[in-house]
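Notes for the structure review
What follows is the residue order along each chain.
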Amino acid sequence: MRTLWILAAALPLAACGTTDYRDTNAAVDADPLCASRPDRPGEPVSRDCERYSEGRWSSRPEPQPVDFRKRDDR
């Protein structure tokens, strides 16, 4: 019953936009060049070895008007 209420609450929100989640932890763990970490705080880290997680919410774009006029391309 609880799942039904959660689904009923989430369904209207699903039509409002989309979410996108990105995480680089698995890619950093798989890269052997990222195994050595800096010894001192503040030491620079390669951009490929930076770990970050982010989520983005994007609402649906405004629909573009459709042009139904007949074009004469002769």
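Residues numbered from 1 in each chain as written. Predicted model: local features only at pLDDT ≥ 70, side-chain atom pairs only at ≥ 80, totals over all residues. Heavy atoms only, no water.

Topic: the environment of serine 53
Mapped onto the elements of the fold, serine 53 is located in strand β2 (residues 53-59). A residue is classified by how much of its surface remains accessible, and serine 53, at 44% relative accessible area, is partly exposed. For the pair serine 53 and asparagine 25, spaced 28 residues apart in sequence, the C-alpha separation works out to 8.0 Å. Apart from the residues lying within four places of it in its own chain, the contact partners of serine 53 are Tyr21, Arg22, Asp23 and Asn25. A polar atom in the side chain of serine 53 sits 3.1 Å from the side chain of aspartate 23. (Helix = DSSP H or I, 4+ residues; strand = E, 2+ residues; numbered from the N terminus. Buried < 20%, exposed > 50% of the residue type's maximum accessible area, 1.4 Å probe, protein only. Contact = heavy atoms within 4.5 Å. Polar contact = N/O pair within 3.5 Å; in protein donor to acceptor, adjacent residues only side chain to side chain.)

A few points about the state of the cysteines
Under the criterion given, the structure shown has one disulfide. Here cysteine 34 engages in a disulfide with cysteine 49; their sulfurs sit 1.9 Å apart. Across the S-S bond linking cysteine 34 and cysteine 49, the dihedral sits near -85°, which makes this disulfide left-handed. Highlighted residues: cysteine 34 in the loop between α2 (25-30) and β2 and cysteine 49 in the loop between α2 and β2, separated in sequence by 15 residues. (Disulfide = S-S within 2.5 Å.)

Points about the pattern of salt bridges
As enumerated under the stated definition, the model contains four salt bridges in all. Note that arginine 22 and aspartate 20 form a salt bridge whose closest N and O atoms lie 3.1 Å from each other. On the basis of relative accessibility, which here comes to 34%, the residue aspartate 20 falls in the partly exposed class. (Salt bridge = Lys/Arg side-chain N within 4 Å of Asp/Glu carboxyl O.)

Digging into the confidence of the model for the protein chain
Looking at the protein chain as a whole, the pLDDT averages 77, with 77% of positions reaching at least 70. The lowest-confidence element of the protein chain is helix α1 (residues 2-14), averaging 66 in pLDDT; the highest-confidence one is α2, averaging 88. (pLDDT = per-residue confidence, 0-100.)

Quick look at the side chain of threonine 24
Mapped onto the elements of the fold, threonine 24 is located in the loop between β1 (17-23) and α2. The class of threonine 24 is buried, set by a relative accessible area of 17%.

Some points on the environment of cysteine 34
We classify cysteine 34 as buried; its relative accessible area is 8%. Placed 14 residues apart in sequence, cysteine 34 and aspartate 48 show a C-alpha to C-alpha distance of 8.0 Å. Those residues in contact with cysteine 34 that lie beyond four places of it in its chain are Val28, Asp48 and Cys49.

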